[in-house]
Amino acid sequence: MNFRKSLAFLSAAVMLLSAVSCNDKEKKKSKNSQSSVSESSNVSENGNSDNSSDNNGNDNQQTESSADVSINLKLNSSWQSGGNTTYDYTVTLKNNTDAPCKSWKASIPVADGSSMVSGWSMSYTLENGVITVTPENYNSTIEAKSSVEFGFQLTSTEEIKGDAITITAEKGSVSSSSDSSSNNSSNNNNSNNNANTGTDKIESVNGKEVPEPTTDDWLSTDGHKIVDSSGKEVWLTGCNWFGYNTGTNCFDGLWACDLDASLASIADHGFNLLRIPISTELVNNWEDGEYPAANYNNATNAYLNGMNSLEIFDHVIGQCRANGIKIMIDFHCAVTDAMGHNKPLWTDGSVTEEDYFRGLEWIADRYKNDDTIIAIDLENEPHGKPHETPRAKWDDSKDSDNWKYIAEQASLKVLAKNPNLLVMVEGIEIYPKDIKTNGDFKSQNEKDYYYNWWGGNLRGVADNPIDLGKYQDKLVYSPHDYGPTVYEQPWFEGGYDFDSLMEDCWRDNWFYIQDDDIAPLLIGEWGGYMREPNLKWMTYLRQLISENKINHTFWCFNANSGDTGGLVLDDFQTWDTDKYEFVKEVLWQKDGKFVGLDHQIPLGSNGISLSEY
């Protein structure tokens, strides 16, 4: 591949940054606004890297200051994409005094034209060449003789000048548990964390013994239902965990959390399916015998040391199998890039249509004798507006930008390698109001089209359904749907309710497919912050899912999804209990037990197997 992510770990690069004393000045209210996503971008998936040590276990940071608060910047890695360089940093703030420092704020000058990709354990603004960083609730106080960390990814023309960073903080004796919540309102609409501090911690556990793969759990479809090998209906109720698409080359968050413990906790909390976004480029790398480094905390996940990124991926599959979790692989973007999902097609740069097809075939063939992977989502969110080039369309042609045609070809290639897999086909963004006059999508007049979320417009199924011939019972349509905090769509304006959402969006864009018994649905992404105006929409969509038993994978486990937040808080070790309890209502359960999709292995510690069900 022409594009290669290069890791440039600093062997012993230490930048002693400016440090200021904690002071008793009147605290200033800080802005917690996040960088906005582009119009129509459903999700802001943010990639981060190891914040502890390099891949050889060598600590790259030192603290040499005796000032009240010393600051240490660590460059974890850097890579180039599209002529730009993205830098991944971790910043450690150490309180060298005998009193807590509260309500800290960091100012980080950056080069002109720089843009933030993501941040973790903090909120930020980027204005006039300065990143202003403010803490989250749980790390807003730096206790005496203790430290806090935050991290971010920045696309820029040059590295950050360490000695230009400044810190301000307050000195006080009030404990963080009683004071930090008042310093950073958890209800701030732009806060990166969710509304509660959470008490449900992911407990450290040893990885489970991995059973041998089986082939008795394959699924198929019957009308609008997904069924097991005996024809009995199942309900896929899962979540997403991204990172294999961002450049982390494993799950994001492993800089803070334990992989095995997190997977066990996902199972214990009742998610029976894990949707894993991945890039075509990474799959092609693996097929070609190239293994981009996986960025994780080498101490917390020491059992992964010595494995390459593909071996870690296989480890994930094994632990999912041991915990009763099934997997759906999501081809999320062509090129490995935290913002790769913004590209409209399944091709990008050096990743060609041929590369896309061979990546799908390789995954299907490699795991054809292991029913832990039960489905492949062929492509995440094909999209594009009428005037944009390229853009995805849906018609009866064999054009290279016709997602309907490409999805059929991709499905048949996958199923030729493993005829037991389910294939998920998402929608597009636009669809002609009149296919007689504009069925070829040639009009660039926006008024000639219906719009929906990226991947959420499946109106074309009514006119040109996916045809897989003898494999038709392997087809599932998979829309995405989001609320007004991601983007203020027309159907949210002026107030809305369940009936208006059904009338203005859901029914004609995708619900008719299940309602008319054409095929099953799996809502591949839905979610967001537990606050208004988002919570109202989430409640209505949950109602639709519950009343119609729609399959779904909630977005997402990750804390670092900028415009939705995650099922865990920013430490990646504490469940957001409010959000989890909300989603729990549409997880498959019987008599207080979660129902898995494996006939023999129960789902986590509070679940049952499919045979038991």
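Structure first, text after, so check above.
A. Just the overall build of the chain, in detail. Scanning the chain for helices and strands turns up eleven helices and 28 strands. Looking at the chain as a whole, 61% of its 613 residues qualify as buried. Taking the contacts inside the chain whose residues are at least 6 apart along the sequence as the reference set, 77% of them involve residues at least 24 apart. Put simply, the chain shows about 21,900 Å² of open surface, and 42% of that area lies on carbon and sulfur atoms.

B. Representation of the packing of aromatic side chains within the structure. Applying the stated criterion to the full structure yields 30 aromatic pairs. With 6.2 Å between their ring centres and 75° between their planes, Tyr244 and Trp286 make a pair best called edge-to-face. In this pair, Tyr244 is assigned in the loop between strand 15 (237-240) and helix 2 (259-268) and Trp286 in helix 3 (residues 280-287), connecting sequence segments 42 residues apart. Relative accessible area serves as the criterion here: at 0%, Tyr244 is assigned to the buried category. With 5.3 Å between their ring centres and 80° between their planes, Tyr244 and Phe313 make a pair best called edge-to-face. Pair noted here: Tyr244 is in the loop between strand 15 and helix 2 and Phe313 is in helix 4 (residues 309-323), with a separation of 69 residues, a long-range link.

C. Inspection of the environment of Lys385 at higher detail. Its location among the elements puts Lys385 in the loop between strand 18 (373-377) and helix 6 (403-417). We classify Lys385 as buried; its relative accessible area is 10%. Separated by 45 residues in sequence, Lys385 and Ile430 place their C-alpha atoms 6.6 Å apart.

D. Quick look at the side chain of Thr280. Summarising the element assignment, Thr280 is placed in helix 3. For Thr280, a relative accessible area of 0% puts it in the buried group. Excluding its chain neighbours within four sequence positions, the residues that come into contact with Thr280 are Phe331, Cys333, Ala334, Val351, Asp355 and Tyr356.

E. Representation of the pattern of salt bridges in the model. Scanning the model with the defined rule gives 25 salt bridges in all. Note that Asp377 and Arg275 form a salt bridge whose closest N and O atoms lie 3.0 Å from each other. Here Asp377, found in strand 18, pairs with Arg275, found in strand 16 (residues 273-279); they are 102 residues apart in sequence, far enough to count as distant. Between Arg358 and Asp288 there is a salt bridge whose closest N-O contact spans 3.3 Å. Taken together, the residues span a long stretch of sequence, with Arg358 in helix 5 (residues 353-366) and Asp288 in the loop between helix 3 and helix 4 at a distance of 70 residues. Under the relative-accessibility criterion, Asp288 is labelled partly exposed at 40%.

F. Local environment of the sheet that holds strand 13 (residues 225-227). As summarised here, the arrangement of the three strands in space is 12-13-14, forming an open sheet in which the pairing is antiparallel. One side of each edge strand has no neighbouring strand; the edge strands of this open sheet are strand 12 (220-222) and strand 14 (233-234). Bridge count for strand 12 against strand 13 is three bridges, and the pairing is antiparallel. Note on strand 13: the bridge partner recorded for Thr221 is Ile226.

G. Local environment of helix 3. The buried fraction of helix 3 amounts to seven of the eight residues, a majority that puts the element mostly inside the structure. Of the residues making up helix 3, those classed as buried are Thr280, Glu281, Leu282, Val283, Asn284, Asn285 and Trp286. Along its buried surface, helix 3 packs onto strand 16, helix 4, strand 17 (326-333) and helix 5. In the stretch just after helix 3, Gly289 is the one whose phi turns positive, near 80°.

H. A look at unusual backbone geometry. Residues Thr389 and Pro390 are joined by a peptide bond in cis, for which omega reads 0°. For Pro390, the position within the fold is in the loop between strand 18 and helix 6. Backbone torsion omega between Trp555 and Cys556 reads 0°, so that peptide bond is classified as cis. Its place among the elements puts Cys556 in the loop between strand 24 (551-554) and strand 25 (574-575). Although it is not a glycine, Ser103 adopts a positive phi angle of roughly 50°. By relative accessible area, Ser103 is classed as partly exposed at 21%. We note that Asn128 has phi near 55°; this positive angle belongs to a residue other than glycine. Within the fold, Asn128 resides in the loop between strand 6 (123-127) and strand 7 (130-134). Accessibility expressed as a relative area gives 81% for Asn128, which makes it exposed.

I. Structural context of the pairing of strand 6. Examined bridge by bridge, strand 6 and strand 7 share five bridges and lie antiparallel to one another. Residue pairing across strands places Leu126 opposite Ile131, the latter belonging to strand 7. Between the end of strand 6 and the start of strand 7, which pair antiparallel, lie two residues, with Asn128 showing a positive phi angle near 55°.

J. Inspection of the nonpolar core at higher detail. By size, the foremost hydrophobic cluster in this structure holds 133 residues, and its most contacted members are Tyr244, Leu378, Tyr477 and Trp506. When sequence neighbours within four positions are dropped, the list of residues in contact with Tyr477 reads Trp394, Val425, Leu458, Val461, Pro465, Ile466, Ile513, Ala519, Pro520, Leu521 and Leu522. The next biggest cluster of nonpolar side chains, apart from the first, holds 27 residues, and it includes Trp104, Met116, Tyr124 and Phe152.

Definitions and limits used
- Residues numbered from 1 in each chain as written.
- Predicted model: local features only at pLDDT ≥ 70, side-chain atom pairs only at ≥ 80, totals over all residues.
- Heavy atoms only, no water.
- Helix = DSSP H or I, 4+ residues; strand = E, 2+ residues; numbered from the N terminus.
- Buried < 20%, exposed > 50% of the residue type's maximum accessible area, 1.4 Å probe, protein only.
- Contact = heavy atoms within 4.5 Å.
- Areas by Shrake-Rupley, 256 points an atom, 1.4 Å probe, with all protein chains shown as cover.
- Phe/Tyr/Trp six-rings, centres within 6.5 Å; stacked < 30°, edge-to-face > 60°.
- Salt bridge = Lys/Arg side-chain N within 4 Å of Asp/Glu carboxyl O.
- Pairing = 2+ DSSP bridges.
- Core = buried A, V, L, I, M, F, W, Y, C linked by side-chain atoms within 4.5 Å.

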